[in-house]
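# Structural characterization, general
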Amino acid sequence: MVAIDIGTFFDTVLAWLQNTWTSLCADFYLNFIKEDRWKYLVRGLGVTLEVALFAAIAGIILGALLAIIRTTADKTGRLRFLNWLAKLYITVIRGTPVVVQLLIINFVIFSSVFVDTVLVAIIAFGLNSAAYVAEVFRSGIMSIDEGQFEAGRSLGFNYGQTMWHIVMPQAFKNVLPALANEFITLLKETSVSGYIGLMDLTKAGDIIRSRTFAAFMPLIAVALVYLIMVVVLSAGVSRLERRLRNGTR
Amino acid sequence: MAQGNPLIEVQGLKKYFGKVHALDDITETIYEGEVVAVIGPSGSGKSTFLRSLNLLEVPTEGHVLMEGVDITDPKTDINKLRQKMGMVFQQFNLFPHMTILKNLTLAPMKLQKLSEAEANERAMALLTRVGLADRANAYPVQLSGGQKQRIAIVRALAMKPDVMLFDEPTSALDPEMVGEVLEVMRGLARDGMTMVVVTHEMGFAREVASRVLFMDGGRIVEQNTPQELFDHPKSERLKNFLAKVL
């Protein structure tokens, strides 16, 4: 009696496994292999990386500039007007959703001139990231003891040289984790690029879903690719942190 | 005592922090080759006075002349003049992200355009002088407080300054490390370096200083040779102060 029951049970499980496997394979074939649909994902990934990388570079440059204006004004009382502008900029950017900023830049600012959509996305995400990077850099500069600054000045370095040789290198090391966090956020935020008709990684997955009417495979694949990118980015930053740890343990 | 030429001339120096008069009309001259110790209770303005000499503290009123040049004049290149005025801080303020050697060579290379070889040579000579040549490639965090302060002194000396300003150089040190730092300063004084030292080390002031200024309430209340000042104080305030610290 019992032996027969176990045999039936195994048969059932085996059949279920076989069915699932067959349907997964069919699903995989349908979503990625048929009509070369995997190429959507590859192209989408390319766009996501391009937008994230150049937006990050723009964000660092503009963010550093904003941070320098803010801290110079705080430390020396100069650049008051620029400081006011920088504060206004940071408030507006941080106070509105990035999707809305992206739409405004695409449909309002560049409404009458043709600009490549990838470039529009780079500009939008770069401008957005700069506001956050500025605050990260500023907190880093402010975290450096005033004595470091005075030591630099007392040796005869001017304000800029003291910042560049003494304060900034220490500040950068201190803010590296926060900066990495910002880039992870940026990378994932580019997933709203579809709103302006850009086929990034997320949009690519969505296009496949709309063609195949199978949501599971393409969306999980997209999620996995983001996850892998973030894990790789985090590992890279950890290595950099270890390399910069000289002297301050 | 033989006096050299005036090196730093302070004229009618006033510094207000809000309503507090940290410096209340100070006129004083530091001569070449002098070792001037500045003593006084905390809050007497002695650190503010010292920090005004190289304009780390911008005076509210008055002038400071370094080798005849008014450093309080906005047209003066203060960075050029600061190169001639070495400063040592209570908290050392070594650059933690650089090796000891780099701490010493950074300013000479960037500001005096020394080649790396020249700067290294100068730095190693200074490190040897304070007995720390073997720590050239260490980072500040690996040093003791006394070692850090000796490095801070030679970092300032690497610019070949005409005067050295010390802002309570031994106050942040463990007692057993005070001696090694004072020894370096004693050596500097013997070599004829002009020094202004804000200090709580009365023994050092008595032994090394050529002149002692006693400050209280933002003024120089009394000044004299160390023997006279410590053994025959004239003002009540100095007598009170010495009774507490000696």
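Shown above is the structure to which this text applies.
Since the model is a prediction, treat every value here as computed from it, not as a measurement.

With that out of the way, let us pick up the overall build of chain B. Of regular secondary structure, chain B possesses 9 helices and 10 strands. The C-alpha atoms of chain B give a radius of gyration of 18 Å, which matches the 18 Å a tight globule of 246 residues would have. Projected onto its principal axes, the C-alpha coordinates of chain B cover approximately 55 × 45 × 40 Å. Out of the 246 residues belonging to chain B, those deemed buried represent 57%.

Moving on, we come to the packing of helix α8 (residues 201–212) of chain A against helix α9 (residues 216–244) of chain A. Residues and elements named next belong to chain A. Between α8 and α9, whose axes approach to 8 Å, the crossing angle comes to 165 degrees. Taken together, α8 and α9 sit at an angle that is classed as roughly antiparallel. Here the hand of the crossing between α8 and α9 comes out right-handed. Packed against α8, whose contacting residues are L201, T202, G205, I208 and R209, the element α9 presents P218, L219, V222, V225, Y226 and M229 at the interface. The residue inventory of the contact of α8 with α9, partitioned by class, reads 8 nonpolar, 2 polar and 1 charged.

Turning our attention to the pairing of strand β6 (residues 85–88) of chain B. Residues and elements named next belong to chain B. What you see with β6 is no split at all: M85 and M87 on one side and G86 and V88 on the other are buried throughout. As paired elements, β6 and strand β7 (residues 163–167) share 4 bridges and run parallel to each other. For M85, the partnering residue across the bridge sits in β7 and is V163.

Okay, unusual backbone geometry next. Positioned with a positive phi, L79 of chain A is a non-glycine residue whose angle comes to about 60 degrees. Following the sequence through the fold, L79 of chain A ends up in the loop between α2 (38–76) and α3 (80–95). Residue class for L79 of chain A comes out partly exposed when judged on its relative accessible area of 36%. At F92 of chain B, a position not held by glycine, the phi torsion is positive, near 65 degrees. Summarising the element assignment, F92 of chain B is placed in the loop between β6 and α3 (100–111). On the basis of relative accessible area, F92 of chain B is assigned to the buried category, the value being 11%.

Next up on the list: the interface of chain B and chain A. Reports often express the size of an interface as the amount of accessible area lost when the parts come together. Each side of the interface is counted separately: chain B has 25 residues, and chain A has 22 residues. Both sides of the chain B and chain A interface together cover about 2,000 Å² of buried area, and 60% of this is carbon and sulfur. Three residues stand out in chain B for area buried against chain A, namely F95, P96 and H97 of chain B, and they jointly supply 25% of the buried area on that side. Viewed at the interface, chain A and chain B are joined by 1 salt bridge. Note that R51 of chain B and E150 of chain A form a salt bridge whose closest N and O atoms lie 2.7 Å from each other. The interface formed by chain B and chain A includes 6 residue pairs in polar contact (both at pLDDT 80 or more). Contributing elements (two or more residues each) for the side of chain B that touches chain A: α2 (78–82), β6, α3 and α5 (145–157) of chain B. No other element matches the 4 residues that α3 of chain B contributes to the side of chain B that touches chain A. Within the side of chain B that touches chain A, the residues separate by chemical class into 15 nonpolar, 6 polar and 4 charged.

By the definition in use, this model includes 4 aromatic pairs over all chains. Where F214 of chain B meets F241 of chain B, the ring centres are 5.3 Å apart and the plane angle is 40 degrees; that geometry is what we call tilted. Taken together, the positions of F214 of chain B in strand β9 (residues 211–216) and F241 of chain B in helix α9 (residues 236–245) put the pair 27 residues apart, joining distant regions of the chain. Since its relative accessible area comes to 1%, F214 of chain B is described here as buried. Classification of F241 of chain B as buried rests on a relative accessible area of 10%. Between K75 of chain A and the ring centre of F149 of chain A, over which it is positioned, the NZ or CZ distance is 4.6 Å. Of note, R78 of chain A hangs over the ring of Y159 of chain A, and the distance from its end group to the ring centre comes to 5.9 Å.

The rules behind these values
- Residues numbered from 1 in each chain as written.
- Chains lettered and ligands numbered in written order.
- Predicted model: local features only at pLDDT ≥ 70, side-chain atom pairs only at ≥ 80, totals over all residues.
- Heavy atoms only, no water.
- Helix = DSSP H or I, 4+ residues; strand = E, 2+ residues; numbered from the N terminus.
- Rg over C-alpha atoms; globule rule 2.2 N^0.38 Å.
- Buried < 20%, exposed > 50% of the residue type's maximum accessible area, 1.4 Å probe, protein only.
- Axes fitted to C-alpha atoms, helices over the stretch in contact; angles between N-to-C directions.
- Parallel < 35°, antiparallel > 145°, perpendicular 65-115°, else oblique.
- Left-handed = near helix turned anticlockwise from the far one by under 90°.
- Contact = heavy atoms within 4.5 Å.
- Nonpolar A, V, L, I, M, F, W, Y, C, P; charged D, E, K, R; others polar.
- Pairing = 2+ DSSP bridges.
- Buried area = accessible area lost by both parts, 1.4 Å probe.
- Salt bridge = Lys/Arg side-chain N within 4 Å of Asp/Glu carboxyl O.
- Polar contact = N/O pair within 3.5 Å; in protein donor to acceptor, adjacent residues only side chain to side chain.
- Phe/Tyr/Trp six-rings, centres within 6.5 Å; stacked < 30°, edge-to-face > 60°.
- Lys NZ or Arg CZ within 6 Å of the ring centre and 35° of its normal.

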